[in-house]
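# Topology and contacts: notes
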Amino acid sequence: MATKSDYFGLSYVVSLILAIIPVTAWFCGIVTRFQEGKYVAGIVRFFLGFSVIWVLDLVFMIRDKKIFRLLNV
């Protein structure tokens, strides 16, 4: 059975595919952080999501099946 991942409770494979594509990773990362109630982290992802955070999201998605969380604010 496929395990659940970070993007909207989708399967790990679908979330990994979404994380590979920069635009969808940026959008899904912002929406995920806002859904968690972490508004400052969502705003930071809005401005910095296309840089190092995208690469870190890929690494963390492959390793931990969760996106990178820089801020818990």
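Here's what I pulled together on the structure shown here. (Residues numbered from 1 in each chain as written. Predicted model: local features only at pLDDT ≥ 70, side-chain atom pairs only at ≥ 80, totals over all residues. Heavy atoms only, no water.)

So, on to the packing of aromatic side chains. Under the counting rule described, the total for this entry stands at six aromatic pairs. Look at Y7 and F8: their rings are 6.5 Å apart centre to centre, the planes differ by 35°, and that puts the pair in the tilted class. Ring geometry for W26 versus F50: centroids 5.3 Å apart, planes at 20°, classification stacked. One end of the pair, W26, is in helix 2 (residues 22-35); the other, F50, is in the loop between helix 3 (39-48) and helix 4 (52-64), with 24 residues separating them in the sequence. Feature note: the residues W26, F46, F47 and F50 constitute an aromatic cluster, connected by ring pairs. (Phe/Tyr/Trp six-rings, centres within 6.5 Å; stacked < 30°, edge-to-face > 60°. Helix = DSSP H or I, 4+ residues; strand = E, 2+ residues; numbered from the N terminus.)

Counting residues in each nonpolar core, the largest one holds 10 residues, listed as Y7, Y12, L16, L18, A19, A25, C28, L58, M61 and I67. Contributing elements (two or more residues each) for this core: helix 1 (12-20), helix 2 and helix 4. In terms of residue count, helix 1 provides more of this core than any other element does, four residues in total. (Core = buried A, V, L, I, M, F, W, Y, C linked by side-chain atoms within 4.5 Å. Buried < 20%, exposed > 50% of the residue type's maximum accessible area, 1.4 Å probe, protein only.)

Taking 1.5 Å per residue as the helical rise, helix 4 with its 13 residues ought to reach 18 Å, and the 17 Å between its terminal C-alpha atoms agrees with that figure. For helix 4, every residue scored as buried is listed here: I53, D57, L58 and M61. Each buried residue of helix 4 lies within a common arc of 145° when the element is viewed along its axis, so the set occupies one face. Exposed residues pointing more than 90 degrees away from the buried face of helix 4 are listed as V52, I62 and R63. Along its buried surface, helix 4 packs onto helix 1 and helix 3. (Expected span 1.5 Å × (residues − 1). Arc of directions from axis to C-beta. Contact = heavy atoms within 4.5 Å.)

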